[in-house]
Amino acid sequence: ALPKALDIFKNNGIEFSNAFASTPVCCVSRGSILTGRYVHNSQIFNNSIFGGCGSKSYIKNDEPYSYASYLNKQANYRTFFS
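Residues numbered from 1 in each chain as written. Predicted model: local features only at pLDDT ≥ 70, side-chain atom pairs only at ≥ 80, totals over all residues. Heavy atoms only, no water.

Chemist: Could you give an account of the overall build of the protein chain, with specific residues and numbers?
Modeler: Helix and strand counts for the protein chain come out as 4 helices and 0 strands. Each of the three principal axes of the protein chain carries a C-alpha extent, and together these read 35 × 30 × 20 Å. Residue burial in the protein chain is summarised as follows: out of 82 residues, 27% are buried. In the protein chain, once contacts between residues fewer than 6 apart in sequence are set aside, the share between residues at least 24 apart is 34%. Accessible area for the protein chain stands at about 6,500 Å²; split by element, carbon and sulfur atoms hold 57% of it. (Helix = DSSP H or I, 4+ residues; strand = E, 2+ residues; numbered from the N terminus. Buried < 20%, exposed > 50% of the residue type's maximum accessible area, 1.4 Å probe, protein only. Contact = heavy atoms within 4.5 Å. Areas by Shrake-Rupley, 256 points an atom, 1.4 Å probe, with all protein chains shown as cover.)

Structural data, given as structure tokens:
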């Protein structure tokens, strides 16, 4: 599955020579990146389920439309949060 994902990145992606995270809290930052939403619109507030990280609301309303879901559908790319 990884070679297909790499092809998607190469053919359709953008290379960033400089980048930053909008917040130092990892789950909040990942949620923002994967959904394309600003941190304050992500409904993820900290690294706990109660803070929105892996919550039922995120799984139902945001995850199906995330970048990771797109990669899963297009290239069988899988992610895992633990």
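Right, picking up where we left off after that structure.
Chemist: Lay out the pattern of salt bridges in plain terms, naming residues and giving numbers.
Modeler: Oppositely charged side chains may form a pair once their charged atoms are brought near each other. Scanning the entire structure with this criterion turns up 2 salt bridges. Here aspartate 7 and lysine 10 are joined by a salt bridge, their closest N and O atoms 3.9 Å apart. Note that aspartate 7 and lysine 10 are positioned in helix α1 (residues 2–12) at a spacing of 3 residues, about one turn of the helix. The class of aspartate 7 is partly exposed, set by a relative accessible area of 40%. By relative accessible area, which is 64% here, lysine 10 ends up exposed. (Salt bridge = Lys/Arg side-chain N within 4 Å of Asp/Glu carboxyl O.)

Chemist: So what about the state of the cysteines? Which residues, and what values?
Modeler: By the definition in use, this model includes 1 disulfide. For the unlinked cysteine cysteine 26, the closest cysteine sulfur is that of cysteine 27, found at 6.2 Å. (Disulfide = S-S within 2.5 Å.)

Chemist: Give me the packing of aromatic side chains: which residues, what numbers.
Modeler: Under the definition given, this model contains 1 aromatic pair. With a centroid separation of 6.3 Å and an interplanar angle of 40°, the aromatic rings of phenylalanine 9 and tyrosine 67 are classed as tilted. Taken as a pair, phenylalanine 9 in helix α1 and tyrosine 67 in helix α4 (residues 67–75) lie far apart in primary sequence, 58 residues in all. (Phe/Tyr/Trp six-rings, centres within 6.5 Å; stacked < 30°, edge-to-face > 60°.)

Chemist: With reference to specific residues and values, describe unusual backbone geometry.
Modeler: Despite not being glycine, glutamine 43 has its phi angle at roughly 65°, a positive value. Tracing the backbone through its elements, the reader meets glutamine 43 in the loop between α2 (26–35) and α3 (56–62). Phi is positive for asparagine 76, close to 55°, though the residue is something other than glycine. For asparagine 76, the position within the fold is in the segment after α4. Classification of asparagine 76 by relative accessible area gives partly exposed; the value is 39%.

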